[in-house]
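Secondary and tertiary structure notes
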There are 2 protein chains.
Amino acid sequence: MLKAQFDHTNCSDCPIRHRAVCAHCDADELEELEDIKYYRTFEAGQTIIWSGDQMNFVGSVVSGIASLTQTMEDGRTQMVGLLLPSDFVGRPGREAAPYDVQATTDVVMCCFRKKPFEDLMNTTPHIAHRLLQMTLDELDAAREWMLVLGRKTAREKIASLLSIIARRDASITPKDKPASIVFDLPLTREAMADYLGLTLETVSRQISALKKDGVILLEGKRHVTIPDMRRLMEEAGDDSDGGFLV
Amino acid sequence: MLKAQFDHTNCSDCPIRHRAVCAHCDADELEELEDIKYYRTFEAGQTIIWSGDQMNFVGSVVSGIASLTQTMEDGRTQMVGLLLPSDFVGRPGREAAPYDVQATTDVVMCCFRKKPFEDLMNTTPHIAHRLLQMTLDELDAAREWMLVLGRKTAREKIASLLSIIARRDASITPKDKPASIVFDLPLTREAMADYLGLTLETVSRQISALKKDGVILLEGKRHVTIPDMRRLMEEAGDDSDGGFLV
DNA sequence: CAGATACCTTGACTGAGATCAAGTGGAAGC
DNA sequence: GCTTCCACTTGATCTCAGTCAAGGTATCTG
């Protein structure tokens, strides 16, 4: 069942080589990383790290999608981060994990044992610097999301999520066709609800409404076409051009 | 009107010396910082940085409280960060500011011109490392807040905010009296609403309700006493001991 | 093939919080 | 002392999203 697209073993062939925490490393530094890295795969639905657990590794998502979630005692859950390929997992300098990390799809991770990685960080400014930039980007994304959670309507929330996923895909697929964007939703309705602070019924209703109004086209339950990205952005409440990040 | 508690000019006397971005700097490094630093004061209500503006400085909050806010075209606003003394403002490596930064109370900032600070960061691992830790802390706080915004009830939101403010004060005032905590709210009802994703009427109603139920005591509109911190934490939905940061 | 399961949709009703509106209390200004 | 203003409170009503419930569809299993 786990058919990981996982056919490289050294960093130079790595699909996230130029975007992950190792992006700015030179050949020597990469060699040091090679020594402490190992790959792990996780099936969709599996928990990668439990909140409160000791973290003994950090690493990068190579392929697939993982999510960070917080859960209250009574079961209410909120997704607080979506980890895409090249995103970093774990926190140098902290013992215990603050959130659950779950594999939303099948996931391949490039892991580093925590202690050696921390040592390497202290001697390799390229890594520390890159990690700071990535963390600042994540902080911006988290704050962007706070606006979505705090002030947007259900319809705007769905549109916001779709536009984030669409934009991510757009950055991977050619940019010269901004006309119509096509992608598969990597999340179930329930996962979307957890991300958006909604119930899955509301998610379903709003997706149906956006479909009825022609903002999106649906084929099956997951295959989405955005005929007019500008229209979607308006529905999301992010007027026009304002670019924000995943 | 602006009576800044601002009676130091060199770093060794600085009240945030041990907690700000300069915390780990040694004497030599501090001297370099002294050369590029300058102080600015802002009155309550003043905007320190406008979203989209070129940022030509970064810096630390020395005293007072500032807030990061995002605003939609139709006027809906969401506060996405609360900056307390020692918190860092600005983002090395980015040109434009992503949010408005506003002085909630009178604020004193220790500013560094951006370019020299970036240069210094590249040559001073102590600063870069400290900034990474602070950014990771802020990211944790932002994600904690996402749970509040996405999944908590109005009453729980208010209790969460009060417990954050109480905990911050507790970390400044002596710890040996966990029995009853007293502080002044540094935010208007409207600012609380913007932070919590509520309306100011709902904030007012829930504060009244918590008062009526004996969870808090109010003297005037701003002076709060928490007779039983554990009770407040329960109301916030953060069961018992689970510690989280400002 | 029947039955189970996971994921999704839709409908009817409810309720928490928003909205609209009026009023209170205290400080500042004339 | 009176007015004005601002921050806040309280009440009445409305509405959006939650809750509860039923049903649909595709995939998997024995």
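Anyway, here's the lowdown on the structure attached to this text. None of these values were measured; they are calculated from a predicted model.

Residues that lie three or four places apart on an α-helix share one face, since the helix turns once every 3.6 residues. Within helix α5 (residues 189-196) of chain B, seven of the eight residues are buried, which leaves the element mostly enclosed by the surrounding structure. Two residues or fewer after α5 of chain B comes G197 of chain B, characterised by a positive phi angle close to 70 degrees.

On the chain B side, the residues contacting the 45 residues of chain A number 45 residues. Here chain A packs against chain B, burying approximately 4200 Å² in sum over the two surfaces, 54% of which is carbon and sulfur. Interface area lost by chain A to chain B is led by R143, M146 and R151 of chain A, which between them contribute 20%. Counting the contacts that link chain A with chain B gives 14 salt bridges. Between R94 of chain B and D140 of chain A there is a salt bridge, with the nearest N and O atoms lying 2.7 Å from each other. At the junction of chain A with chain B, the criterion picks out 32 residue pairs in polar contact (both at pLDDT 80 or more). Among the secondary structure elements, those contributing two or more residues to the side of chain A that touches chain B are β4 (66-71), β5 (77-83), α2 (114-123), α3 (125-151) and α5 (189-196) of chain A. Of all the elements, α3 of chain A adds the most residues to the side of chain A that touches chain B, at 19 residues.

On inspection of all chains with the given rule, the structure shows six aromatic pairs over all chains. Among the aromatic residues, ring-to-ring pairing joins F88, F112 and F117 of chain A into one connected group.

Applying the stated criterion to the full structure yields 32 salt bridges over all chains. In this structure, K115 of chain A and D119 of chain A form a salt bridge, with 3.1 Å as the shortest nitrogen-oxygen distance. Of the two residues, K115 of chain A and D119 of chain A are both situated in helix α2; the distance of four residues between them amounts to about one turn of the helix. Judged by its relative accessible area of 53%, K115 of chain A is exposed. A residue is classified by how much of its surface remains accessible, and D119 of chain A, at 37% relative accessible area, is partly exposed. K37 of chain B serves as the salt-bridge partner of E34 of chain B, at 3.0 Å between the closest nitrogen and oxygen. Look at K37 of chain B and you get buried, because its relative accessible area is 12%. Through salt bridges with shared partners, a single network forms among R91 and R94 of chain A together with D137 and D140 of chain B.

With that settled, the discussion passes to the pairing of β5 of chain A. Residues and elements named next belong to chain A. Of all seven residues making up β5, seven are buried, and the element is well covered by its neighbours. Where β4 and β5 come together, six bridges link them in antiparallel fashion. Bridge pairing links Q70 to Q78 in β5. Remark: five residues form the turn of the hairpin made by β4 and β5, two consecutive strands paired antiparallel; G75 in that turn has positive phi of roughly 100 degrees.

This part takes up the protein's contact with DNA strand D. Among the 17 residues in the neighbourhood of DNA strand D, the closest are listed as A154, T202 and R205 of chain A together with R189 and S204 of chain B. Expressed as a percentage, the sugar and phosphate content of the atoms of DNA strand D within 4 Å of the protein is 62%. A distance of 3.1 Å separates a phosphate oxygen of DNA strand D from a polar atom in the side chain of T199 of chain A. A distance of 2.9 Å separates a base nitrogen of DNA strand D from a polar atom in the side chain of R205 of chain B. For the surface near DNA strand D, the secondary structure elements donating two or more residues are α6 (200-212) of chain A together with α6 (200-212) of chain B.

Rules of the game
Residues numbered from 1 in each chain as written. Chains lettered and ligands numbered in written order. Predicted model: local features only at pLDDT ≥ 70, side-chain atom pairs only at ≥ 80, totals over all residues. Heavy atoms only, no water. Buried < 20%, exposed > 50% of the residue type's maximum accessible area, 1.4 Å probe, protein only. Helix = DSSP H or I, 4+ residues; strand = E, 2+ residues; numbered from the N terminus. Contact = heavy atoms within 4.5 Å. Buried area = accessible area lost by both parts, 1.4 Å probe. Salt bridge = Lys/Arg side-chain N within 4 Å of Asp/Glu carboxyl O. Polar contact = N/O pair within 3.5 Å; in protein donor to acceptor, adjacent residues only side chain to side chain. Phe/Tyr/Trp six-rings, centres within 6.5 Å; stacked < 30°, edge-to-face > 60°. Pairing = 2+ DSSP bridges. Near = heavy atom within 4 Å.

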